[in-house]
Amino acid sequence: MIGARIRKLRTERGLTLAQLAAAAGVSGGLISQVERDLADPSLETLRKIAKVLELPLFSLFQEPDAAAVAVVRQDKRMLVRSPTGGVAYTRVSPGHGRLEVLEGRLEPGGSSAAEPWAHPSEECVLVLRGRLVVEVAGAEHLLEEGDSCYFDSSLPHRYLNPGAEPVDFLIAATPPSY
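Residues numbered from 1 in each chain as written. Predicted model: local features only at pLDDT ≥ 70, side-chain atom pairs only at ≥ 80, totals over all residues. Heavy atoms only, no water.

Draft legend 1. Spatial organisation of the sheet that holds strand S6 (residues 139–143). Taken in spatial order, the three strands make up an open sheet running S6-S5-S8, and their pairing is antiparallel. The two strands at the open ends of the sheet, each matched to only one other strand, are S6 and strand S8 (157–160). If you compare each strand with its neighbour and ignore which way they point, the axes differ by 20 degrees on average. (Pairing = 2+ DSSP bridges. Helix = DSSP H or I, 4+ residues; strand = E, 2+ residues; numbered from the N terminus. Axes fitted to C-alpha atoms, helices over the stretch in contact; angles between N-to-C directions.)

Structural data, given as structure tokens:
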């Protein structure tokens, strides 16, 4: 599914497999395997590919026909994990439209990204369970269960779990631009 979408978007933009790989900083073999659904790319690889294709990360998983009303069943959610397994996201929203809602789980000592990064969006995070540090533009904000934090995603940011237990949280982003 995702491989075919990447291939379609790559060809629509007139990029060769080698050009996409070089621009994303990954091997041509990996892109080839991803496009043929022989390899599952990491979250970091998907971010790089989406950036080259100039679209939000989760739009790679977008359904072609957007319904006016969409029900997303818990067992049918799209799942994305970080390369280290520290963070996992499931898409709560249907994957189209101007709002993206994700449920995240961050393992103890984990982070959403190795380094803070930015994207053109607005974000609000709500802690469902545990403690979460939201790092935005170098400042750290500790959130407890039930706390939320809103910020401009064009500022470099990431999520950190300082605790000994996993933290569960919701993210709403508009427009989707991961």
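Draft legend 2. Molecular detail of the environment of Gly 25. Among the secondary structure elements, Gly 25 is positioned in the loop between helix H2 (17–24) and helix H3 (28–35). Residue class for Gly 25 comes out exposed when judged on its relative accessible area of 57%. Sequence separation between Gly 25 and Lys 48 is 23 residues; the distance between their C-alpha atoms is 7.6 Å. (Buried < 20%, exposed > 50% of the residue type's maximum accessible area, 1.4 Å probe, protein only.)

Draft legend 3. Molecular detail of the pairing of S6. One ladder, built from five bridges, connects strand S5 (residues 132–136) with S6; its direction is antiparallel. Pairing of Glu 135 across the sheet is with Glu 140, part of S6. What sits between S5 and S6 in their antiparallel hairpin is a turn of two residues, with Ala 137 showing a positive phi close to 50 degrees.

Draft legend 4. Fine view of the pattern of salt bridges. Taken as a whole and assessed by the stated rule, the structure comprises nine salt bridges. The salt bridge partner of Glu 35 is Arg 7, with a shortest N-O separation of 3.6 Å. Note that Glu 35 is positioned in helix H3 and Arg 7 in helix H1 (residues 2–12), a separation of 28 residues in sequence. For Glu 35, a relative accessible area of 4% gives the class buried. Note that Glu 35 is salt-bridged to Arg 10, the shortest N-O span being 2.6 Å. Placement of Glu 35 in helix H3 and of Arg 10 in helix H1 is noted, with a sequence separation of 25 residues between them. Like Glu 35, the residue Arg 10 is buried in the burial classification. Where salt bridges share partners, they join Arg 7, Arg 10 and Glu 35 into one cluster. (Salt bridge = Lys/Arg side-chain N within 4 Å of Asp/Glu carboxyl O.)

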